[in-house]
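A look at the structure
Each chain, written out:
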Amino acid sequence: MNEKQMNAAKKSMIEWLSHPNELGKIPSKIECTGSFEYYNMTYYIFKYKKSAMGKWLLAVCGGYEENSPEHGGHIFSEMEEYNELTAEEKCKEMIDMIREYWMSQAENHKENQGTFVGFILLSENSWNKQQFIDDLKSQWDIDAIEEKDENEDEKTKDNIIIFSVDEDVVAVSLMPAPIPENEAEENAKNNYMWPDAVEVAKEHKAHLMVAILGNDNNYIEKGKLFVKVMACCCNQKNATGVYTSGTVFEPCYYNQFANIMKDGELPILNWIWFGLYIGQEGVCCYTYGMDVFGKDEMEVLNVDAKPSDIRDFLASLVSYVLKNDVVLHDGETIGFSADDIHKITRSEGVSLPGMTLKIEYN
């Protein structure tokens, strides 16, 4: 048995068990009882106790490649009683369950990657298509040149515009009804920065649907194009709200942060919503929108700090990850200086469904 690797696995196992969503504390006792090879990787079997007088419970940590000290994220316990005769078989069942779950999550990520769709809430069922075309040109130097379709009637032409920008296709459509099932109103509740968000969302009578289509895998450029188009839609006189990234923004707010692209900055606050709420032990913050860029959402949980400080901290991390196309992994650390180190844990989301990255704040 690789003692160095086993000790690393034991340390990771204790940290995983100590998480509030799992055991919630350091196990009273923990021992490595063996190892096995599975999917060409090494896994370590552990037995542990919640309390000194409790039963031995089963856990597994792996897969390790050769002499690597980093596990592959297959770390789990169903907190079932340990049985030496069935321990390896049970561990393999847990590994298969984790692998299946992660593969399904990866498929969901793939479905959302590069999917830029948003909605502009309107107080009445109308829009000024020519103004939109003019704004794109004057504000962003984008030519919205439509392909001619002689079979298209005049009303349809007035309600929709489709044009190409490099390898992407932009589609903006006037939808003559509110967004169905009160979806905008429900998501407007997430915007703690705009007290009138819910009421404004309730009152909308129609909406513009904006979509960026195409197989271009440069998500940053695709995302910037999306924000530019959405910002020009915000200039419509009857635009009352912007529904995207899991909430409803005020149009002037959306436009303000879109304009930072003119100074060469990324429109992080247009792309990503930073949710805030009070958890059981402190302030919690989460991202919404990272999956569009093929990244895990992030969370900071139960922190004794100002909400604005936590949001700014997470926004700085998001900016770094997106600017540099960084992929963060479970067990790594990240920081802004040699003395500023924050541990990363990848596990089931608390604020959001699916796997998320928990970033240690303190």
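Structure report, in brief. Worth saying up front: this structure is predicted, and the values here are computed from it rather than measured. (Residues numbered from 1 in each chain as written. Predicted model: local features only at pLDDT ≥ 70, side-chain atom pairs only at ≥ 80, totals over all residues. Heavy atoms only, no water.)

As for helix H7 (residues 219-233)
Here H7 is 15 residues long and its end C-alpha atoms lie 21 Å apart, about the 21 Å a rise of 1.5 Å per residue gives. For H7, the buried fraction is high: 11 of the 15 residues fall into the buried class. Those residues of H7 that fall on the buried side of the exposure criterion are Tyr219, Lys222, Gly223, Leu225, Phe226, Val227, Val229, Met230, Ala231, Cys232 and Cys233. (Helix = DSSP H or I, 4+ residues; strand = E, 2+ residues; numbered from the N terminus. Expected span 1.5 Å × (residues − 1). Buried < 20%, exposed > 50% of the residue type's maximum accessible area, 1.4 Å probe, protein only.)

Observations regarding the sheet that holds strand S2 (residues 41-49)
Pairing between sheet strands relies on hydrogen bonds along the backbone, with the strands arranged either parallel or antiparallel. A sheet is described by the order of its strands in space; here four strands give the open sequence S1-S2-S3-S4, paired in antiparallel fashion. The open sheet has two free edges, formed respectively by strand S1 (29-38) and strand S4 (74-76), since each of these has just one partner strand. This sheet shows a mean twist of 20° between the axes of neighbouring strands, independent of strand direction. (Pairing = 2+ DSSP bridges. Axes fitted to C-alpha atoms, helices over the stretch in contact; angles between N-to-C directions.)

Topic: the state of the cysteines
Under the definition given, this model contains zero disulfides. Just so you know, Cys91 is unpaired, no disulfide at all, and the nearest cysteine sulfur is the one on Cys32, 10.0 Å from it. Accessibility expressed as a relative area gives 0% for Cys91, which makes it buried. With no disulfide partner, Cys232 has as its closest neighbouring cysteine sulfur the one in Cys233, 7.2 Å distant. (Disulfide = S-S within 2.5 Å.)

Things to note about the sheet that holds strand S14 (residues 333-337)
Spatial strand order, S11-S12-S13-S16-S15-S14: six strands in an open sheet with mixed pairing. Edge strands, defined here as strands with exactly one partner in the open sheet, are strand S11 (273-278) and S14. Strand-to-strand, the axes of this sheet are offset by a mean angle of 25°, without reference to chain direction. Taken together, the six bridges between S11 and strand S12 (residues 283-288) define a ladder with antiparallel strand orientation. Bridge pairing in S12 places Ile278 opposite Val283.

Considering the packing of H7 against helix H8 (residues 251-258)
Across the interface, H7 lies against H8 with an axial gap of 9 Å and an inter-helix angle of 140°. Classed by the angle they form, the pair H7 and H8 counts as oblique. Crossing geometry of H7 relative to H8 is assigned as left-handed. Contacts between H7 and H8 pair Phe226, Val227, Met230 and Ala231 from the former with Tyr254, Asn255 and Ala258 from the latter. Residue composition of the contact of H7 with H8, grouped by class: six nonpolar, one polar and no charged. (Parallel < 35°, antiparallel > 145°, perpendicular 65-115°, else oblique. Left-handed = near helix turned anticlockwise from the far one by under 90°. Contact = heavy atoms within 4.5 Å. Nonpolar A, V, L, I, M, F, W, Y, C, P; charged D, E, K, R; others polar.)

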